[in-house]
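A closer look at the structure
These are the residues of each chain, in order.
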Amino acid sequence: MDVSRAHARTRRILLSLTAGACAAVLVGGCSSGGDAAGPERSTRAAAPRSANELEDDYRAVIKDVLPSVVQIDAANSLGSGVVYDDKGHVVTNAHVVGQEKSFKVTAATGGQPVTARLVASYPEQDLAVIRLENVPQGLKAARFGDSSTVDMGQIVLAMGSPLGLSGSVTQGIVSATGRTVSEGRAGGGTGATIGNMVQTSAAINPGNSGGALVNLDGEVVGIPTLAASDPEMGGGSAPGIGFAIPASMVRTVADQIVKDGKVTDSGRAALNITGRTVLDDDYEPAGVAVVEAPANGAAGRAGLKPGDVITRLGDTGITTITSLSEALASRKPGEKVQVTYVRGTETEKTEVTLGEM
C-alpha cells in the first residue's frame with residue numbers, strides 16, 4: 001500500500017471547508033400500554049440522551065487531552081507533537097523534524113510559541129523527541145494507553161494541527177490493528193517500514209503527523225503518522241484510511257531517547273545484511289540479493305553469502321527490499337526463521353536466528 005506523510009510543506013494554504021452530517025444512534029423502547037405510537041415516542045425520547053452522553057464523553061476527552069498536544073513548526077514543515085513528561089519532552093514523528101535541530105512549538109490550547117531543541121530522531125521507526133526550553137503554563141504530560149487492548153471498533157479521536165489548524169479534532173474508529181506499512185522517501189519521508197500500526201478512520205491530514213490518537217478514556221493509543229494514498233486519485237489521500245504508531249512502540253523509543261539521548265535497543269528484528277532488489281527475465285521483482293553479510297551478523301552466521309538471492313522468509317514470499325522489511329517487522333530479535341534463497345542455480349534453505357536492527 002502506498003502511503004503519504006501527513007505533514008504540511010507550506011504555511012500558505014487554500015482551505016475548502018465542507019459541512020458534514022452527524023448521525024445519532026437511536027435506542028428503541030417498549031410500551032406496556034399497547035399504543036402503536038408508544039415505541040415511537042420512546043425511541044424519540046431515548047435518542048437525545050444517548051447522543052448527549054457520547055457528546056459529553058467527547059468533550060471530556062478533548063478537554064483532558066488537548067493540553068498535551070502541540071503544534072511544531074520547523075523551517076520547511078509543520079506537524080504536531082504530544083507532551084511526553086513534565087520536563088518538556090515532546091514526542092513526534094521523525095519526518096516532522098526532518099534535519100532540523102530547532103523548532104517553534106505552540107500549545108494546541110493557544111499561547112505564545114516557545115523554542116524547542118531536538119533530543120534525538122529515530123527514522124527507522126519514524127519517531128523523534130524534542131525538548132521545550134520553557135514549559136508553558138497549562139501544558140501537561142499525556143497518558144499513554146496499553147496497545148494490547150486496542151481493538152477494532154473502538155472510538156478514537158485524532159488531535160493535532162491539520163493544515164496548520166492548531167487544536168483540531170477528528171473522530172473515527174479503530175479500523176484494524178497489526179498493520180505493517182512502508183513509508184516512502186519522496187518529499188522527505190524516512191522510508192521506514194513500521195509494524196503493528198493502528199489503522200483508523202479518523203481523518204489524518206497534512207499537519208496531523210506526530211499528534212495524538214486517543215481513546216475515550218483520554219489515553220494516547222497511537223501517534224498518527226501516515227495517510228494512505230490512492231493511485232487512481234492521482235496519489236491523493238484515500239479518505240478514512242490512516243495509520244498511527246502504537247503507544248507501546250512510542251514509549252519504547254521515547255523512553256530510551258529521554259534516558260540515553262538515543263535508541264539503544266530497537267526491538268526490531270534484522271537479518272543484518274545489505275541487499276538490493278533483483279529482477280527476473282520479465283523485469284519483475286524476484287527477490288533480494290545479498291550484497292554484504294558480515295560473518296558476525298544473523299545471516300552471515302547462518303551461512304548466507306554475497307550473491308545469494310533471498311526469496312522467502314518463513315512462509316512469506318520475498319520479492320523486494322520493502323517486502324523483506326515488512327516480513328521482518330512482525331518478528332522479534334532472537335526468533336528463529338527459515339530463509340529460502342537461491343545460490344547459483346540451486347534453491348537452498350537455512351535457519352536464521354534473527355539479529356537486531
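Residues numbered from 1 in each chain as written. Predicted model: local features only at pLDDT ≥ 70, side-chain atom pairs only at ≥ 80, totals over all residues. Heavy atoms only, no water.

Our next topic: the overall build of the protein chain. Along the protein chain, the regular secondary structure elements total five helices and 21 strands. Scored against the burial criterion, the 357 residues of the protein chain give a buried share of 45%. About 17,700 Å² of surface is accessible on the protein chain, with carbon and sulfur atoms providing 49% of the total. (Helix = DSSP H or I, 4+ residues; strand = E, 2+ residues; numbered from the N terminus. Buried < 20%, exposed > 50% of the residue type's maximum accessible area, 1.4 Å probe, protein only. Areas by Shrake-Rupley, 256 points an atom, 1.4 Å probe, with all protein chains shown as cover.)

Moving on to unusual backbone geometry. Even without a glycine there, the phi angle at Asn272 is positive, about 60°. Owing to a relative accessible area of 27%, Asn272 belongs among the partly exposed residues under this scheme.

Let's shift gears to the pattern of salt bridges. Under the defined criterion, the tally for this structure stands at eight salt bridges. Here Arg117 ties to Glu133 by a salt bridge, and the two come within 2.9 Å at their closest N and O atoms. With a gap of 16 residues between them, Arg117 in strand S6 (residues 114–122) and Glu133 in the loop between strand S7 (127–132) and strand S8 (155–160) connect regions that are remote in the sequence. The closest approach of N and O atoms between Arg143 and Glu219, which form a salt bridge, is 3.9 Å. Placement of the pair is Arg143 in the loop between S7 and S8 and Glu219 in the loop between strand S11 (212–214) and strand S12 (220–230), with a sequence separation of 76 residues. Each of Asp64, Lys140, Arg143 and Glu219 takes part in salt bridges that share partners, so that together they form one network. (Salt bridge = Lys/Arg side-chain N within 4 Å of Asp/Glu carboxyl O.)

The next point concerns the confidence of the model for the protein chain. Looking at the protein chain as a whole, the pLDDT averages 84, with 83% of positions reaching at least 70. Contacts for the low-pLDDT stretch residues 1–46, under 50 throughout, to residues beyond four places or in other chains number 75 contacts. (pLDDT = per-residue confidence, 0-100. Contact = heavy atoms within 4.5 Å.)

Turning next to the sheet that holds strand S2 (residues 69–73). Overall, antiparallel pairing links the six strands, which are arranged S2-S3-S4-S7-S6-S5 in a closed barrel. The sheet shows a mean angle of 40° between the axes of neighbouring strands, direction not considered. Direction of pairing for strand S5 (residues 102–107) relative to S6: antiparallel, over a ladder of four bridges. Bridging across to S6, Phe103 finds its partner in Ala116. Those strands touched by helix H3 (residues 247–260) are strand S4 (89–92), S6 and S7, and its axis lies near 50° from that of S7. (Pairing = 2+ DSSP bridges. Axes fitted to C-alpha atoms, helices over the stretch in contact; angles between N-to-C directions.)

Quick look at the packing of aromatic side chains now. Tallying each qualifying case throughout the model produces one aromatic pair. Centroid distance Tyr84 to Phe144: 5.4 Å. Interplanar angle 65°. Geometry classified as edge-to-face. Here Tyr84 is found in the loop between strand S3 (78–83) and S4, whereas its partner Phe144 is found in the loop between S7 and S8, with 60 residues between them in sequence. Note on accessibility: Tyr84 and Phe144 belong to one class, buried. (Phe/Tyr/Trp six-rings, centres within 6.5 Å; stacked < 30°, edge-to-face > 60°.)

Compared with an ideal rise of 1.5 Å per residue, which puts 14 residues at 20 Å, H3 spans 20 Å between its outermost C-alpha atoms and is within 8% of the ideal. Every buried residue of H3 is accounted for by Ala247, Met249, Val250, Val253, Ala254, Gln256 and Ile257. The first or second residue beyond H3 is Gly261, which carries a positive phi of 80°. (Expected span 1.5 Å × (residues − 1).)

A word on the environment of Ala228. By the element assignment, Ala228 lies in strand S12. For Ala228 and Ile241, which are 13 residues apart along the polypeptide, the C-alpha to C-alpha distance reads 5.7 Å.

Another point: the nonpolar core. In terms of nonpolar packing, the biggest core is built from 36 residues, with Val82, Val91, Phe144, Met159, Val214 and Val220 touching the most fellow members. A per-element tally of this core places H3 first, with six residues. Filtering out sequence-adjacent residues up to four positions away, Val82 remains in contact with Ser68, His89, Val90, Val91, Ala142, Phe144, Gly210, Gly211, Ala212, Val220 and Ile223. Among the nonpolar cores identified, the runner-up in size contains 20 residues, and Val290, Ile310, Leu324 and Val337 belong to it. (Core = buried A, V, L, I, M, F, W, Y, C linked by side-chain atoms within 4.5 Å.)

Locating Asp85 in the fold gives a position in the loop between S3 and S4. Among buried charged residues, Asp85 stands out as having no salt bridge; its nearest opposite-charge side chain is Lys87, 6.1 Å away. A polar atom in the side chain of Asp85 sits 3.4 Å from the backbone nitrogen of Gly88. Here the side chain of Asp85 touches His89 through a polar contact of 2.8 Å, side chain to side chain. In contact with Asp85, other than residues within four places in its own chain, are Ala141 and Val258. (Lys, Arg positive; Asp, Glu negative; His and termini not counted. Polar contact = N/O pair within 3.5 Å; in protein donor to acceptor, adjacent residues only side chain to side chain.)

On the secondary structure map, Ser166 appears in the loop between S8 and strand S9 (168–182). Taking the C-alpha atoms as reference points, Ser166 and Gly110, 56 residues apart in sequence, are found 8.2 Å from one another. Apart from the residues within four sequence positions on either side, Ser166 is in contact with Gln71, Ala107, Ala108, Gly160 and Ser161.

Further remarks concern the pairing of S2. Within S2, five of the five residues are buried, which leaves it mostly tucked inside the rest of the structure. Across the two faces of S2 the burial is the same, with Val69, Gln71 and Asp73 and Val70 and Ile72 all buried. Bridge count between S2 and S3: five bridges; the pairing is antiparallel. Among the inter-strand pairings, Val69 is bridged to a residue of S3, identified as Val82. Counting the residues that bridge the hairpin from S2 to S3 gives four residues. As judged from the four bridges shared by S2 and S5, these two strands associate in the antiparallel manner. Of the residues in S5, the one forming a bridge with Val70 is Ala107.

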